[in-house]
Amino acid sequence: HVKTNGLTLHTVQAGPEDGPLLILLHGFPEFWFCWHKQIDFFAERGFRLVVPDQRGYNTSSKPSSVSSYRVEPIARDILGLMDSLGRRRAHIVGHDWGGLVAWHLGNRYSNRVEKLAILNCPHPGVMRRNLFGSRAQRKKSWYIFYYQLPWLPEWSMSRNSWEFARKALQVTSIRGTFSDEEMAPYVEAWSQPGALTAMIRWYRAGLLMMKPRRRKQQPPRKIGVPTLLLWGVKDRFLGKEMAQPSIDRCSDGRLVFLEEATHWLQHEEPERVNSLLLDFLS
């Protein structure tokens, strides 16, 4: 457990302490364990891995206000992790909501990021435009609006021994990816006191951030950090058409489609994901 930015994050750490720092950021409804097929792989190749349960998840701190789950304070949590290790810079890899945090770090704190790798998460500006401008994406993202309701999402996800939450992973991934045995650690993490509501607060804060902006905006600046975007084409939540416009917002970016993977690509194709990440980060 590491103190950072006024709270405490549970982390898993591996690899030589003097190795290049690699921080892996999970999404929803994951926690650190979603990277268990990556941790040993990179530690054995000399990287220093830090894999946090982000605020609200598992045994990490769970602030009570929705505003505490905006992307800026969450990004500062990660900067604080780096500071706790006496490191100025790190490689950042993020999936889903972890990808949003990674985009933010690469955009606003580029001096702290060596390289940036995103797994199935569009650039926030691209997501905003598609969420409110594309009927097809709104249909895919129905759950974002559902999670704005009070108490009902928590009840539906946890009832019948977390049936809804478990199926959200099992039904939208390649069959067999999330076995019942594999789901047991997730259920344990979701069952931590206050965790479920805290996890859902990411969506309640995130929708406010994604609402269209009325004032005329300056053209978005390009992210200068070397960036790799990996995209599982069979993602049922996020349209493939958002991938290229996202990487176009990077001055040094590369996009790789995994044709048979879904949203959960690091679970489904760990060997390929690990190889692509290693080649990029090295």
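Relevant structure appears above.
Report follows, based on the coordinates.

Conventions adopted
- Residues numbered from 1 in each chain as written.
- Predicted model: local features only at pLDDT ≥ 70, side-chain atom pairs only at ≥ 80, totals over all residues.
- Heavy atoms only, no water.
- Helix = DSSP H or I, 4+ residues; strand = E, 2+ residues; numbered from the N terminus.
- Rg over C-alpha atoms; globule rule 2.2 N^0.38 Å.
- Buried < 20%, exposed > 50% of the residue type's maximum accessible area, 1.4 Å probe, protein only.
- Salt bridge = Lys/Arg side-chain N within 4 Å of Asp/Glu carboxyl O.
- Pairing = 2+ DSSP bridges.
- Axes fitted to C-alpha atoms, helices over the stretch in contact; angles between N-to-C directions.
- Contact = heavy atoms within 4.5 Å.
- Core = buried A, V, L, I, M, F, W, Y, C linked by side-chain atoms within 4.5 Å.

### Here's the deal with the overall build of the protein
Then, in step 1: Check the secondary structure of the protein and you find twelve helices and nine strands.
Then, in step 2: Relative to a compact globule of 282 residues, whose C-alpha radius of gyration would be 19 Å, the protein shows 18 Å and is just as compact.
Then, in step 3: Oriented by its inertia axes, the alpha-carbon framework of the protein measures out at about 45 × 45 × 40 Å.
Then, in step 4: Within the protein, buried positions represent 59% of all 282 residues.

### So, the pattern of salt bridges
Any two side chains of opposite charge can pair, on the condition that their charged atoms come close.
Then, in step 1: Tallied over the full model, the rule gives nine salt bridges.
Then, in step 2: Linking R45 and E44 is a salt bridge whose minimum nitrogen-to-oxygen distance equals 4.0 Å.
Then, in step 3: Among the ionic pairs, K234 bridges to E260, the shortest N-O distance being 2.8 Å. You can see K234 sitting in the loop between β8 (227–232) and α10 (243–247) and its partner E260 sitting in the loop between β9 (253–258) and α11 (265–268), a full 26 residues away along the chain.
Then, in step 4: For E260, a relative accessible area of 46% gives the class partly exposed.

### Topic: the sheet that holds strand β7 (residues 113–119)
Then, in step 1: Here we have seven strands laid out as an open sheet, ordered β3-β5-β4-β6-β7-β8-β9, and mixed in their pairing. Looking along the sheet, the strands with just one partner apiece sit at the ends: β3 (11–14) and β9. Mean inter-strand twist for the sheet, computed between neighbouring axes without regard to direction, equals 15°.
Then, in step 2: Two strands pair when backbone bridges link them, and β3 and strand β5 (residues 48–52) are joined in this way by four bridges, in the antiparallel orientation. Among the inter-strand pairings, Q13 is bridged to a residue of β5, identified as V50.
Then, in step 3: Strands in contact with helix α3 (residues 97–108) are β4 (21–25), β6 (90–95), β7 and β8; relative to β6, the strand with the most contacts, it is inclined by about 145°.
Then, in step 4: The strands touched by helix α12 (residues 270–281) are β4, β6, β7, β8 and β9; relative to β9, the strand with the most contacts, the crossing angle is about 170°.

### Details of unusual backbone geometry
Then, in step 1: Across the junction of F28 and P29, the peptide omega takes the value -5°, indicating a cis bond.
Then, in step 2: One non-glycine residue, N58, lies in positive phi territory at about 50°.
Then, in step 3: Considering the arrangement of structural elements, one finds N58 in the loop between β5 and α2 (71–84).
Then, in step 4: On the basis of relative accessibility, which here comes to 10%, the residue N58 falls in the buried class.

### Considering the nonpolar core
Then, in step 1: In terms of nonpolar packing, the biggest core is built from 97 residues, with L49, I92 and L230 touching the most fellow members.
Then, in step 2: Looking at this core element by element, the count peaks at nine residues for helix α9 (residues 195–210).
Then, in step 3: The contacts of L49, once residues within four sequence positions are left out, are V12, Q13, A14, L22, L24, I39, F42 and A43.

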